[in-house]
Amino acid sequence: MKQVIASLLAFGLIAGPIAATPAEAQRRSDQGEARKEMRAGNILRAREIENRILPQMKGAEYLGFDYDSTAMAYRLKFIREGRVIYVDVDARTGRVLRRSN
């Protein structure tokens, strides 16, 4: 019985990181792409986007952001009264593309 449990634990330790790899790889790729684009002056820094958007979201708690390198857009996440609000912002111009309600 101990061998079965040990085998399952070992498999979980090996399979766990493999299962999470695609999402993590995409996130790392997007982060690297964002840094490259910022250095080249093609997109605004995340802090600059936050400074523009946060004052518009009074009464909402800021949860953070993601960067989508394909769309060249930031997605800022907020929560207000139990509802999650997404604000998609063009990383090149800082213009709000879409806001969920």
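Structural data are supplied above this passage.
Parameters at a glance
- In this convention, every chain numbers its residues from 1, walking through the sequence in written order.
- Totals for whole chains, interfaces and linings use all residues, but because this is a predicted model, local features are given only for residues with pLDDT of at least 70 and pairs of side-chain atoms are given and counted only at 80 or more.
- The side-chain quantities take in all heavy atoms of the structure and omit both hydrogens and water.
- Starting at the N terminus, helices and strands are each numbered in turn, a helix being any DSSP run of H or I of at least four residues and a strand any DSSP run of E of at least two.
- Whenever two N or O atoms come within 3.5 Å, that pair is a polar contact, provided that in protein one can donate a hydrogen and the other can accept it, and provided that, for residues adjacent in sequence, both atoms are side-chain atoms.
- Any two rings among Phe, Tyr and Trp, with Trp reduced to its six-membered ring, count as a pair given centres within 6.5 Å; such a pair is stacked if its planes are under 30 degrees apart, edge-to-face if over 60, and tilted if neither.
- Working definition: with a 1.4 Å probe on protein chains only, accessible area under 20% of the residue-type maximum means buried, over 50% means exposed, and in between means partly exposed.

How should the environment of Y62 be read in this particular structure?
Following the sequence through the fold, Y62 ends up in strand 1 (residues 61-68). Residues Y62 and V84, 22 residues apart in the sequence, show an inter-C-alpha distance of 9.9 Å. Side-chain polar atoms of Y62 contact the side chain of E50, separated by 2.6 Å.

Help me out: how do you make sense of the packing of aromatic side chains in this one?
Given two aromatic rings, their pairing is described by the distance between the two centres and the angle made by the two planes. Scanning all chains against the criterion turns up three aromatic pairs. Considering the side-chain rings of Y62 and F78, the 5.2 Å spacing of their centres and the 45 degrees angle between planes classify their relative orientation as tilted. Here the residue Y62 occupies a position in strand 1, and F78 occupies one in strand 2 (residues 73-80), the gap between them amounting to 16 residues. On the basis of relative accessibility, which here comes to 1%, the residue F78 falls in the buried class. Relative to Y74, the ring of Y67 has its centre 5.2 Å away and its plane inclined at 55 degrees; by these criteria the two rings are tilted.

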